[in-house]
Amino acid sequence: MSPSFSDQLIAVLPRLRRFARGLTGSAAEADDLVQAACERALTRTHQFQEGTRFDSWMFRIAQTIWIDQLRSRNIRKETSEDEGTHVGTDEPLRRVEARLALQEVRAALGELPPEQRAALMLVTVDGLSYKEAADVAEVPVGTIMSRLARARVALQARLEARGHARRSTNDAKAE
Amino acid sequence: MRKPSDEILVAYLDGELDPGVRLEVEACIDSDAETRERVTALALGARLLRSAFDPVLHEAVPERLIAAARGEGAAAVTDLAAARKKRLGWLGGKPLVEWAAAAGIAGLLIGGGIGYFSADQNTANPQTASLASANWLDSIAGYHKLFVSAGADDLALVDMPATDGAGARKVVQKLPSDFRLPNLQPWGLQFQGARYLFIEGEPGTQLFYTTDNKALGPLTVVVAATNKPDLAPTFDRRDKLNVLYWRHHGHAYVLVGTADIGYLWNISNDIAYQLDAI
């Protein structure tokens, strides 16, 4: 293994962790996935083509491992506790609500089909182009495009539903 | 142009449209309020999604991942399910008779925990010290240390293990009806078990969480009844442990761990929301 390969791997770890977090919905499982991806990459350095994007290659490895695990073991992200609907009434509320909104986004993402989740993480979060994301997912660009559209619409619908439910509860509590 | 499809709108937001199509979409956005609203909502969702995951980029990368990237990893993670089971499984399989023994040990430690740290190790600030009567914080911190040091070899300090979902449910059943077990999985913290205790004559529960995120480390969460007035979150130290303590509407809350105060603060916000504790 060349030192540069290891350096590249370390450099991409934060983004790889973020990608894995989006896929698995769990920090610990995401790190397991990243570790597995690193280990697999190190055994396949010869497969990496110089001149191509190293990050995309690592994303592909991570996604492949994750999909393989989903298929072979039927692992499903544990449904996290439904986010509570209790909201305080004092000053920290705004901060808590902001953080809550982000929790809801993560939860909503976790409800999407795996391939849509991956597409969102690659394009919307990591900023890959459709072509690059298609290369990672090993599907046509058109497939990425439709997955993204379905995912974004579904995510939006889930967020609106959660927001509506929370507002209703808050209103009920306020009465 | 007809109203653009969701695919076209999303591609527009992602900068993936040809210039001609993009101009048509922009014209439609300018002229049609519904399309404009749709694009705005989709853009907001994308921004929220990025905001939800960008903090991961600023987290410390666990040493095991850096080691793995360098090819220095110990055991390869080839099976994610097995890795997860291993991570969670060290508390499992304890016979009931051992729990009986554990309860006895715990009973001794409730008394012995007071003064677990020597006085010069405590740096409780006056506010916390006066409100917490100092000693029970020492006891909680002491239990936390014992729990951590017991590690995979012993779980004698836990009255109720969380070896499975039923364990967690039983913990909740023994708690006040309005209590919800904090779900700290988004932090990578796995609930391992609970012990029951009395703090200043009021019942409480000490919840133990573990993680393999070394930057965070094992965490104790205590929720107890109290008849004292509300108190804003207050930081404190016990030996090498950080303590975050607050009271809200008849409940006292304590976080104990080696995590830095930023972590504790953010986790306390999470717990405060989940338990309606702000």
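Everything discussed here concerns the structure shown above.
First, a word on scope: everything that follows refers to the structure included in this document. Small disclaimer: the values here were computed from a predicted structure and weren't measured.

A few words now on the side chain of Thr24 of chain A. Residue and element names in this part refer to chain A. If you trace the backbone, Thr24 turns up in helix 1 (residues 3-24). Side-chain polar atoms of Thr24 contact the backbone oxygen of Ser26, separated by 3.0 Å. Side-chain polar atoms of Thr24 contact the backbone nitrogen of Ala30, separated by 3.5 Å.

A word on the environment of Thr43 of chain A. With respect to the element layout, Thr43 of chain A can be found in helix 2 (residues 27-43). At 2.6 Å, the side chain of Thr43 of chain A forms a polar contact with the backbone oxygen of Arg40 of chain A.

Okay, helix 3 (residues 33-53) of chain B next. Residue and element names in this part refer to chain B. Under the 1.5 Å per step criterion, the end-to-end length of helix 3 is 31 Å for 21 residues, consistent within 8% with the ideal 30 Å. Every buried residue belonging to helix 3 is among Thr35, Val39, Ala41, Leu42, Gly45, Ala46, Leu49, Ala52 and Phe53, and all of these are buried. Relative to the axis of helix 3, the buried residues are bounded by an arc of 160 degrees and lie together on one face.

On to the nonpolar core, then. Counting 68 residues, the largest nonpolar core has Leu9, Met58 and Ile144 of chain A as its most contacted members. When residues of this core are assigned to their parent elements, the largest contribution, 10 residues, is made by helix 3 (residues 54-73) of chain A. Discounting residues that sit within four places of it in the chain, Met58 of chain A has contacts with Leu9, Val12, Leu16, Ala37, Cys38 and Ala41 of chain A. By size, the runner-up hydrophobic cluster in this structure holds 23 residues, among which are Trp187, Leu216, Tyr253 and Leu275 of chain B.

A positive phi angle, close to 60 degrees, is found at Glu138 of chain A, a residue other than glycine. A residue is classified by how much of its surface remains accessible, and Glu138 of chain A, at 58% relative accessible area, is exposed. Backbone geometry at His249 of chain B places phi at a positive 45 degrees, although glycine is not the residue there. In this structure, His249 of chain B sits in the loop between strand 6 (241-248) and strand 7 (251-257).

Basis of the calculations
- Residues numbered from 1 in each chain as written.
- Chains lettered and ligands numbered in written order.
- Predicted model: local features only at pLDDT ≥ 70, side-chain atom pairs only at ≥ 80, totals over all residues.
- Heavy atoms only, no water.
- Helix = DSSP H or I, 4+ residues; strand = E, 2+ residues; numbered from the N terminus.
- Polar contact = N/O pair within 3.5 Å; in protein donor to acceptor, adjacent residues only side chain to side chain.
- Expected span 1.5 Å × (residues − 1).
- Buried < 20%, exposed > 50% of the residue type's maximum accessible area, 1.4 Å probe, protein only.
- Arc of directions from axis to C-beta.
- Core = buried A, V, L, I, M, F, W, Y, C linked by side-chain atoms within 4.5 Å.
- Contact = heavy atoms within 4.5 Å.

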